[in-house]
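# Structure assessment
Listed here are the chains, written in short residue letters.
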Amino acid sequence: MKLVRKDLEKDNAGQVTLIPEEPEDMWHTYNLLQVGDSLRASTIRKVQTESSTGSVGSNRVRTTLTLCVETIDFDSQACQLRVKGTNIQENEYVKMGAYHTIELEPNRQFTLAKKQWDSVVLERIEQACDPAWSADVAAVVMQEGLAHICLVTPSMTLTRAKVEVNIPRKRKGNCSQHDRALERFYEQVVQAIQRHINFEVVKCVLVASPGFVREQFCDYMFQQAVKTDNKLLLENRSKFLQVHSSSGHKYALKEALCDPAVTSRLSDTKAAGEVKALDDFYKMLQHEPDRAFYGLKHVEKANEAMAIDTLLISDELFRHQDVATRARYVKLVDSVRENMGTVRIFSSLHVSGEQLGQLTGVAAILRFPVAELSDQEDDSSSEED
């Protein structure tokens, strides 16, 4: 997704102009749209024309309309999005108040205006427009003195850093200059990894090189991590995967990605993170039920006690047509984050999102047991929306 323009007022009213670039962007757009929003986009309208002789014909014209959104239809198989509403701006082909359906298309920009842009919607735009959020895989392609740190998304490879250090040749009886330069090179690569790779998003880091460079580098990196107690690298050690490449140039990444060990590992994507979070919830529900809550009212009460460690919530809930209900979910997400909790927004298109939907769409893993809430009568849950 490409952000063309963002104009928001102090009260968070305003509009954004976006260009969807991939099929997945249609899913993001579907989650941004709400009934009552204003959508401006290019569309095709069939119009009738009358000639000077009085004969009536019809032809299709491309025009730009601004609709007040009434219904939103998303086809998940074809990733097509149709929006129906009434025309709210003067147009030579369409009367004010007339109904029209716009089919949003890839690589064609649209402008979406809202009376209130909340934090969940703004975060979705940020994630959709930042390639790093969709990059589950990172790669370090290296040879002695040259390294490229890359992010791999479903559609492109982004070079985030290039490290070049001149490495003197080894001399008989004196390798100190070579070893010092190599150590300096390795240190710069480690710094670049920490700066450019978001380990919360990335599930696998490929370290590719000819010869033994990758082994020597990984040995150096984790020895230093132990010495300096670098928790970031030590906790994510299992994500590093060493593979062969013919050089340290970016083009060599392609052969590394074709390695069978890599292809099996890459099946562990963001969706797998959702599956693990839901699995952790079910385990907690089984072994420590006082630390696993689901249902909006129970989760809200746990949040009031500042007890939520991880909030699991379905993106389906943010498409609720009732503004007050949607605002309630947004407030819960904001509050959990303010209390230093983790929020995982599940996609309802994924199997884990469907499972969460069967648990009312909202659940929480608690930091500490809150027994009095789980002992409450079930009548509170019957009042939920």
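None of the values given here were measured: they were computed from a predicted structure. (Residues numbered from 1 in each chain as written. Predicted model: local features only at pLDDT ≥ 70, side-chain atom pairs only at ≥ 80, totals over all residues. Heavy atoms only, no water.)

## Remarks on the sheet that holds strand S9 (residues 146–152)
- Strands sit in the order S10-S9-S8-S11-S12 across an open sheet of five strands; the sheet is mixed. Of all strands in the sheet, those bounded by a partner on one side alone are strand S10 (157–164) and strand S12 (240–244). The sheet shows a mean angle of 20° between the axes of neighbouring strands, direction not considered.
- For strand S8 (residues 137–143) and S9, the ladder comprises seven bridges, and the chain directions are antiparallel. Note on S9: the bridge partner recorded for Val141 is His148.
- Relative to S9, helix H4 (residues 176–196) is tilted by about 15°, and along the sheet it contacts S8, S9, S10 and S12. (Pairing = 2+ DSSP bridges. Helix = DSSP H or I, 4+ residues; strand = E, 2+ residues; numbered from the N terminus. Axes fitted to C-alpha atoms, helices over the stretch in contact; angles between N-to-C directions. Contact = heavy atoms within 4.5 Å.)

## Some details on the layout of surface pockets
- Approximately 380 Å³ is the volume attributed to the second largest pocket.
- Gln34, Asp37, Lys115, Gln116 and Val323 are the residues nearest the centre of the second largest pocket, which is lined by 16 residues in total.
- Of all elements in the fold, only strand S7 (110–114) and helix H11 (323–338) reach the threshold of two or more residues within the lining of the second largest pocket.
- The element best represented in the lining of the second largest pocket is H11, accounting for four residues.
- When residues are assigned to domains, the lining of the second largest pocket turns out to be shared by domain 1 (2–129) and domain 3 (271–366), each giving three or more. (1 Å grid on protein atoms, 1.4 Å probe; cavity = no way out; pocket = protein on both sides within 12 Å on 5 of 7 lines; lining within 4 Å. Points joined across faces, edges and corners; volume = space filled by probe spheres on them. Domains from an automatic or database assignment.)

## A word on the packing of aromatic side chains
- This model, assessed by the stated rule, comprises nine aromatic pairs.
- Judged by centre distance (5.7 Å) and plane angle (45°), the rings of Trp27 and Tyr30 are tilted. Residue Trp27 and its partner Tyr30 are both found in helix H1 (residues 23–32); the two are separated by three residues, about one turn of the helix. The pair formed by Trp27 and Tyr30 is uniform in burial state, with each residue classed as buried.
- Through a chain of ring-to-ring contacts, the aromatic side chains of Phe185, Tyr186, Phe217 and Tyr220 assemble into a single cluster.
- Directly above the ring of Tyr99 sits Lys84, whose terminal nitrogen or CZ lies 5.3 Å from the centroid. (Phe/Tyr/Trp six-rings, centres within 6.5 Å; stacked < 30°, edge-to-face > 60°. Buried < 20%, exposed > 50% of the residue type's maximum accessible area, 1.4 Å probe, protein only. Lys NZ or Arg CZ within 6 Å of the ring centre and 35° of its normal.)

## What to know about the environment of Val333
- Within the secondary structure, Val333 sits in helix H11.
- On the basis of relative accessible area, Val333 is assigned to the buried category, the value being 0%.
- For the pair Val333 and Glu50, spaced 283 residues apart in sequence, the C-alpha separation works out to 56 Å.
- The residues contacting Val333, other than those within four sequence positions of it, are Val120, Leu311, Ile313, Phe318 and Val343.

## Section: the domain arrangement of the protein chain
- Parsing the protein chain into structural domains produces domain 1 (2–129), domain 2 (136–268) and domain 3 (271–366).
- Of note, the centres of domain 1 and domain 2, computed from C-alpha atoms alone, are 44 Å apart.

## Section: the side chain of Thr66
- Within the element layout of this structure, Thr66 appears in strand S4 (residues 56–75).
- Here the side chain of Thr66 touches Arg40 through a polar contact of 2.8 Å, side chain to side chain.
- Thr66 has contacts with Ser38, Leu39, Arg40, Thr86, Asn87, Ile88 and Gln89, leaving out every residue within four places of it along the chain. (Polar contact = N/O pair within 3.5 Å; in protein donor to acceptor, adjacent residues only side chain to side chain.)

## Concerning the UniProt feature "domain: eRF1/Pelota-like N-terminal" (unreviewed entry) in the protein chain
- Taken from the UniProt record, the annotation "domain: eRF1/Pelota-like N-terminal" (unreviewed entry) applies to residues 1–130.
- Secondary structure over residues 1–130 splits into 16% helix and 50% strand, and the C-alpha atoms at its two ends are 8 Å apart. (UniProt positions renumbered as here; feature names shortened; annotations may be inferred.)

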